[in-house]
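Structural characterization, general
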Amino acid sequence: MEEPHIDNEMFLSTGCSKLDSFLRGGLPRKGITQIYGESGTGKTQLALQFCLSAQIPKNSTDVGGVAYICTEAAFPSSRLHELFKKSPLVKDYAISNEKIFIEHISNTEGLEDCIFQPDRLPTLLSMHKIKLLIIDSIAATYRVEYDLMNVKSRAKSLRKVGYQLQKLSKIHEMAVVCINQVTAMMGNNYTENLSCKEQPSLGITWASMVTNSFYLYKKFNRRYLFITGSPYLPRKNIEYEIIESGIIGKDP
């Protein structure tokens, strides 16, 4: 894996210089970045890599950790352990698993409590320099609990959570990454020769909360990251692959 290099302090490295260059600096420390795609495209793999790369300091005071909120069945600790053994980032920088704070959430009420209650995430942010917050995934609790419930209730909760995440990102200059699932689209939307047959879950309410949106997909056994929405990045894609030491971008 290539050594990442970024100069802009408002970005975190992705752990790969090609991806950093493609994203014009890396992962933005402003707003909410949504990463969505079908199962097996590497969403959680990328999130785990961010757990390492976010710890790369740009100066002597820029040392921080990661908060990881897991809403899926289990946190992928074995893969994270493998990355600590295989990733060159661990050798080149002071990367530590003690700087990764993991919280398991099983329902929407638990998610709201975690990010709002003073003794939960706000306390962690006040006690530690957290440079990255990951929610994996934002859709899990909502899709389970609200399939048969009032749509307005879900929208209200999504707005509440979204505004709080944006607020915390601004106050703490912290990148926020929300992994999202997908739903099928009716028909095909052709964009730059890309047939998008999937869209992010949770609808327009959640979409309005998102600052940057990255779509991971497979085509002919090759993997791509496509920028579907961003205030400063063009709509384009880059091929990537998953190896033992992490995710790396490939040349065009």
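Residues numbered from 1 in each chain as written. Predicted model: local features only at pLDDT ≥ 70, side-chain atom pairs only at ≥ 80, totals over all residues. Heavy atoms only, no water.

The criterion, for reference: UniProt positions are given in the numbering used here, feature names are shortened, and annotations may be inferred rather than shown by experiment.
By the naming in an unreviewed UniProt entry, the chain is RecA family profile 1 domain-containing protein, taken from Nasonia vitripennis. Within the UniProt record for the chain, the comment given under Subcellular location (unreviewed entry) is "Nucleus".

1. Section: the packing of aromatic side chains
Aromatic rings considered in pairs are described by the distance between their centres and by the relative angle of their planes. Going by this rule: A pair of aromatic rings is counted whenever rings of Phe, Tyr or Trp (Trp by its six-membered ring) have centres within 6.5 Å, and the orientation is called stacked for planes under 30 degrees apart, edge-to-face for over 60 and tilted otherwise. Classification of residues uses two cut-offs on accessible area relative to the type maximum, computed with a 1.4 Å probe and protein chains only: under 20% is buried, over 50% is exposed, and between them is partly exposed. Geometrically, a lysine NZ or arginine CZ counts as sitting over a ring once it is within 6 Å of the ring centre and also within 35 degrees of the ring normal.
Under the defined criterion, the tally for this structure stands at five aromatic pairs. Plain terms: the ring middles of tyrosine 68 and phenylalanine 75 are 4.9 Å apart, the flat faces sit at 85 degrees to each other, and that makes the pair edge-to-face. The burial state of tyrosine 68 is the same as that of phenylalanine 75; both residues are buried. Here the aromatic rings of tyrosine 217 and tyrosine 224 are separated by 5.3 Å at their centres, their planes lie at 20 degrees, and the arrangement is stacked. Tyrosine 217 gets classed as buried once you look at its relative accessible area, which sits at 7%. You can call tyrosine 224 buried: its relative accessible area is 15%. The rings of Tyr36, Tyr215, Tyr217 and Tyr224 are connected pair by pair, giving a single aromatic cluster. It is lysine 160 that lies over the ring of phenylalanine 116; its NZ or CZ is 5.0 Å from the centre.

2. Focus: the pattern of salt bridges
Quick reminder of the rule: In what follows, salt bridge is the name for a side-chain nitrogen of Lys or Arg lying within 4 Å of a carboxyl oxygen of Asp or Glu. Secondary structure elements follow DSSP: runs of H or I no shorter than four residues count as helices, runs of E no shorter than two count as strands, and numbering proceeds from the N terminus.
Across all of its chains, the model carries seven salt bridges by this definition. Note that lysine 86 and glutamate 244 form a salt bridge whose closest N and O atoms lie 3.6 Å from each other. Within this pair, whereas lysine 86 is found in helix 3 (residues 77-86), its partner glutamate 244 is found in the loop between strand 12 (237-243) and strand 13 (246-249), the two being separated by 158 residues in sequence. The class for lysine 86 is partly exposed, based on a relative accessible area of 38%.

3. Concerning the pairing of strand 11 (residues 222-229)
Defined as follows: Paired strands are those between which DSSP finds at least two bridges.
Relative to strand 11, strand 10 (residues 212-219) is paired through seven bridges, and the arrangement is antiparallel. Bridge pairing links lysine 219 to arginine 222 in strand 11. Where strand 10 folds back onto strand 11 in an antiparallel hairpin, the turn is made up of two residues, including phenylalanine 220, whose phi is positive at roughly 55 degrees.

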